[in-house]
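# Structural overview
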Amino acid sequence: MADIRSYTREKEKRERTSALRNSRFRLVKSEDEETFREKIHRHRMGFFYRVALSLFVCGAVVALVALQYKNKTYESYDVVSSIGMEWAGGTTVIRLGNNLLTYSKDGAHCTDTRGNVLWDQTYEMQSPIVTVCDSVAAIGDYNGRNIYLLSSDKQLGTITTNLPIRNLSVAANGVVAAVLEDTAVTWIYIYDTAGNELLHFRTTMKDSGYPVSVSLSPNALLCAVSYVYVDAGTIKSSIAFYNFDEYGKNQIGNLVGGYDCSDTVVPYVQFMDNSHVFAVGDDCLMFYSGTQKPEHLATYYFDNEVRGVYYNENYMGVVFYNSASTSRYRLEIYDQKGSRIRTQDISMDYTDIVFDGDTYIVYGEEECLISTVEGRVKYDGIFQETVRLLLPGSGRYRYYLVTDDSLDAIQMR
């Protein structure tokens with residue numbers, strides 16, 4: 001009996017000892033696991049802070065470089081390369097995409113910026129009408145019946161009309177709108193690149209007026225036409241919008257909207273992109289927007305005579321003669337929504353104005369002004385040679401200059 005009791009006490013003692021050891025082991029294990037988790041957490045947080053700090057430093061460096069670049073001004077330029085070129089008398093050189101389109105009464109050819117002739121088109125015209133959209137051009141003869149459709153890298157085809165040509169507009173996909181004159185009726189025909197008639201609509205002085213300006217949207221789904229008509233002995237204008245997609249097919253004659261412009265003539269209407277269009281009248285500037293039925297956005301009135309109109313897909317500028325100022329001209333810049341964002345006095349006898357990204361370039365044969373639309377003047381200086389055309393290059397503040405005998409690639413510095 002005593003042995004049983006002694007055995008039981010020893011067993012209980014051993015169990016208590018074992019339990020105590022297990023509890024200490026669990027305590028030590030728990031403490032080790034907690035320490036391990038803390039180490040992992042600290043490691044992860046340290047890694048996160050290092051990454052965040054690196055990103056912050058990189059962002060700060062990028063922002064600093066961007067700020068310095070944004071505020072950088074240029075004093076001159078370097079001629080990176082120069083290619084000898086010959087330009088025949090009576091030729092005009094314009095931009096066609098990233099290449100050069102040279103045309104005259106005898107023909108046209110396209111040259112890339114390395115001086116290579118990409119194509120050559122011969123014809124005979126008395127008064128060439130040239131219209132360009134992105135990298136596509138249409139050339140027709142006023143009162144002629146042939147339209148040559150060309151892109152920056154190849155000849156697309158020839159369109160033959162059955163009536164004399166009065167005006168043209170081309171879309172980026174090669175679709176052409178042609179104003180054709182009949183005896184008592186003026187027609188507007190829409191052709192594809194193969195010369196097939198897509199549709200046409202009839203206009204008369206009595207019903208709609210005479211179409212003095214026509215413009216296709218780059219995707220050729222919208223067409224804006226400025227009409228001039230006489231009402232009670234007064235010359236007036238109206239702007240009509242035609243839609244060629246499913247929405248327009250449900251409207252009579254594809255006509256989706258029109259706006260009257262009393263007591264003024266609107267000789268110029270132009271799409272900036274597929275949904276924004278402006279119109280310039282004798283005394284007013286109007287903006288419209290819409291992908292199906294363009295709506296009126298804004299109208300500005302002016303007293304000075306307009307010298308020229310310039311635009312790209314984001315901005316447009318109109319130049320006025322500055323009769324009451326020491327500067328010869330005044331440039332007003334608007335965004336595509338019709339907001340006036342800048343006014344610039346111009347003293348030089350300029351040749352052209354080019355919008356390139358957020359900058360605009362005003363240049364003549366000998367002078368050049370480069371400024372951002374926000375008003376930061378990047379360059380204001382002279383050319384080393386007489387310049388006929390300035391073409392923006394692929395890099396920032398890199399341009400191509402067409403001179404009397406060369407094609408120069410320059411980099412501002």
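The present account deals with the structure reproduced in this document. (Residues numbered from 1 in each chain as written. Predicted model: local features only at pLDDT ≥ 70, side-chain atom pairs only at ≥ 80, totals over all residues. Heavy atoms only, no water.)

What follows covers the pairing of strand E3 (residues 99–103). Along any regular strand, the residues point their side chains to alternate faces of the sheet. In terms of burial, E3 is a largely internal element, 5 of the 5 residues being buried. What you see with E3 is no split at all: Asn-99, Leu-101 and Tyr-103 on one side and Leu-100 and Thr-102 on the other are buried throughout. As judged from the 5 bridges shared by strand E2 (residues 92–96) and E3, these two strands associate in the antiparallel manner. Within E3, the residue paired with Arg-95 across the bridge is Leu-100. Linking E2 to E3, which pair antiparallel, is a turn of 2 residues; within it Gly-97 sits at a positive phi near 65°. In terms of strand pairing, E3 meets strand E4 (residues 107–111) through 4 bridges, oriented antiparallel. In the sheet register, Leu-101 faces E4, and the bridge partner there is Cys-110. Between E3 and E4, which pair antiparallel and follow one another directly, the connecting turn spans 3 residues. (Buried < 20%, exposed > 50% of the residue type's maximum accessible area, 1.4 Å probe, protein only. Helix = DSSP H or I, 4+ residues; strand = E, 2+ residues; numbered from the N terminus. Pairing = 2+ DSSP bridges.)

With that out of the way, let us pick up the sheet that holds strand E31 (residues 398–403). Spatial ordering of the open sheet is given by E1-E32-E31-E30, a layout of 4 strands whose pairing is antiparallel. Looking at the sheet topology across the chains shown, the edges are occupied by strand E1 (77–84) and strand E30 (387–392). Ignoring which end each strand starts from, the neighbouring axes of this sheet average 25° apart. (Axes fitted to C-alpha atoms, helices over the stretch in contact; angles between N-to-C directions.)

This model, assessed by the stated rule, comprises 11 salt bridges. A salt bridge links Arg-307 to Asp-349; the nearest nitrogen and oxygen atoms lie 4.0 Å apart. You can see Arg-307 sitting in strand E22 (residues 306–311) and its partner Asp-349 sitting in the loop between strand E25 (340–346) and strand E26 (352–356), a full 42 residues away along the chain. For Asp-349, a relative accessible area of 49% translates into the label partly exposed. We note a salt bridge from Arg-376 to Glu-374, for which the minimum N-O separation is 2.4 Å. Given a relative accessible area of 31%, Arg-376 falls into the partly exposed group. A residue is classified by how much of its surface remains accessible, and Glu-374, at 56% relative accessible area, is exposed. The network of salt bridges with shared partners includes Arg-307, Arg-328 and Asp-349. (Salt bridge = Lys/Arg side-chain N within 4 Å of Asp/Glu carboxyl O.)

Moving on, we get to the sheet that holds E26. Pairing is antiparallel across the open sheet formed by 4 strands, whose spatial order is E26-E27-E28-E29. Every interior strand has two partners, whereas the edge strands, E26 and strand E29 (377–382), have only one. Sheet twist, expressed as the mean angle between neighbouring strand axes with direction ignored, is 10°. By the bridge criterion, 5 bridges tie E26 to strand E27 (residues 359–363) in an arrangement that is antiparallel. What sits directly across from Asp-356, in E27, is Thr-359.

None of the figures reported here should be taken as evidence of function without further support.
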